[in-house]
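Spelled out from the first residue to the last, the chains are:
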Amino acid sequence: MSAVDTWDDLPEDVRRHYPWRGEFLTLPNGHKLHYLDEGQGPPLLMVHGNPTWSFYWRRLVAGLSDRYRCVVPDHLGAGLSDKPADWTYRLQDHIDNLVALIDHLDLRDVTLVVHDWGGPIGFGAAVARPERIARLVVFNTSVFLEHVPLSIRMGRWPVAGELLVQGLNGFLRVAKFRAIGDRDKLGDGVWRGYAAPYRRWSDRIGHLKFIRDIPVEAGHPTRAVIERLTEEVPAKLGDRPALLVWGERDFVFTPKFLERWQALLPHAEVERYPDISHWVVEEAHERILPRVTRFLEEHPLPEKG
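Reading the values: the criteria
- Residues numbered from 1 in each chain as written.
- Predicted model: local features only at pLDDT ≥ 70, side-chain atom pairs only at ≥ 80, totals over all residues.
- Heavy atoms only, no water.
- Axes fitted to C-alpha atoms, helices over the stretch in contact; angles between N-to-C directions.
- Helix = DSSP H or I, 4+ residues; strand = E, 2+ residues; numbered from the N terminus.
- Parallel < 35°, antiparallel > 145°, perpendicular 65-115°, else oblique.
- Left-handed = near helix turned anticlockwise from the far one by under 90°.
- Contact = heavy atoms within 4.5 Å.
- Nonpolar A, V, L, I, M, F, W, Y, C, P; charged D, E, K, R; others polar.
- Polar contact = N/O pair within 3.5 Å; in protein donor to acceptor, adjacent residues only side chain to side chain.
- Pairing = 2+ DSSP bridges.

Looking at the packing of helix H6 (residues 160-167) against helix H9 (residues 205-212)
Thinking step 1. In contact at an axis separation of 8 Å, H6 and H9 are set at 135 degrees when each is read in the N-to-C sense. Considering the angle they form, H6 stands oblique to H9. As H6 runs across H9, the sense of the crossing is right-handed. Across from Gly161, Glu162, Val165 and Gln166 in H6, the residues of H9 making contact are Ile205, His207, Leu208, Ile211 and Arg212.
Thinking step 2. For the contact of H6 with H9, the residue count by class is four nonpolar, three polar and two charged.

Re the environment of serine 65
Thinking step 1. Structurally, the position occupied by serine 65 is in the loop between helix H2 (58-64) and strand E4 (69-73).
Thinking step 2. Linking serine 65 and glutamate 38, residues 27 residues apart in sequence, is a C-alpha distance of 6.0 Å.
Thinking step 3. Those residues in contact with serine 65, other than ones at most four positions away along the chain, are Glu38, Gly39, Gln40, Leu60 and Cys70.
Thinking step 4. Among the polar contacts listed, one links the side chain of serine 65 to the backbone oxygen of valine 61, at a separation of 2.7 Å.

Some thoughts on the sheet that holds strand E5 (residues 110-116)
Thinking step 1. Across the sheet, eight strands lie side by side as E1-E2-E4-E3-E5-E6-E7-E8; this open sheet has mixed pairing. The sheet is open, and its two borders are formed by strand E1 (23-26) and strand E8 (269-273), each paired with just one other strand. Neighbour-to-neighbour, the strand axes of the sheet open up by a mean angle of 20 degrees, direction not taken into account.
Thinking step 2. Looking at chain direction, strand E6 (residues 133-141) and strand E7 (residues 242-247) are connected through four bridges and run parallel. Looking at the pairing, valine 137 lines up with leucine 243 of E7.
Thinking step 3. Against the sheet, helix H3 (residues 91-105) touches E1, strand E2 (32-38), strand E3 (43-47) and E4, its axis set at about 50 degrees to E2.
Thinking step 4. Along the sheet, helix H4 (residues 118-128) makes contact with E3, E5 and E6, crossing E5 at roughly 150 degrees.

Remember that the coordinates give geometry; whether it matters functionally is a separate question.
If you want it as C-alpha cells, here you go:
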C-alpha cells in the first residue's frame, strides 16, 4: 500500500470531499503539523478525535468558511500530519502542539469546536490561553474520567493491542460499525476519506497511542492532566457562551457524559439527537450546520472599541 503523506496522495474521490491542501507548521519538536486555514472572519478552531482527522469537520468547513475562518489541525499521528514512531503522544504534548498553532496563527476571539479526544486537547489549549477563547461548541467528548468500554480497552493489551490496532486497523474498522448508525453516510468515497491516511501499520501509531493514553490506572501520567482540566474548564471558561451537541446513541460518550457537562457548564445550550451515534457531525451534519450557525449568530462577539 502506498503512503498518503500529502493532499495529492489522497484518492480522487476523497479530494472531492476534502478539496483543501492545507498548510504545515513545524513544531518545536521538529515534527510537521498539518492544518486547514480556510475562510475569513472570526476563527473557528475545530479539534478532531481518534481515529478520525480533519476530514471529520469538512462539512462545517464547507458550510461556514464563507463567514468564519476555519482552522482545523490534524494531531501528530493523524491525517496528513507527521506520524513519528518515537514521539510521546501524551495528552499534554498534543495540547502543547495546539497551543503552538494558536500562537503561530495569533488566533483571537476563538470559537472552540471539539469532538472525542479533541475535547481534552482543545480545552487543554483553551485553559492555557483563556483570553483567546470566546465561545464553545462541544460534541460527544469529555474532560473528566468515566467508564471506558472493553472494545476500547482491548487496544491497551500488550502485543494484542498492536496487532488489533496497527496490524488489522481494528480501531478504525470498529468505528465504521459502532461510531455511526447510518452507514449509508459513509458511501461515495467518505469511508475512503476516513481510512486514506491510515493504510500502513506505521500510519496507525497515533490510534494505538491515543488508546493507551486513556488514564485508566491511578498512576497514569495523563490522569493528573484530566483532573486539572475537570477543575479548570468551568473555572476559566465557565462564562463563555456554550453549545453542547450530543448523539445519544454513542457507545462511548453516553448521555451520562452530557449530564456531567451540564454540571460543568450549567448555562450551556443543549441539542440532543436521540437517533445519532458517536460520529455525530458525520451522521447529522444536515441538522448540525444550521444549529451551530444559529448559535454563533445569537452570541456575536463583542464589538472592538
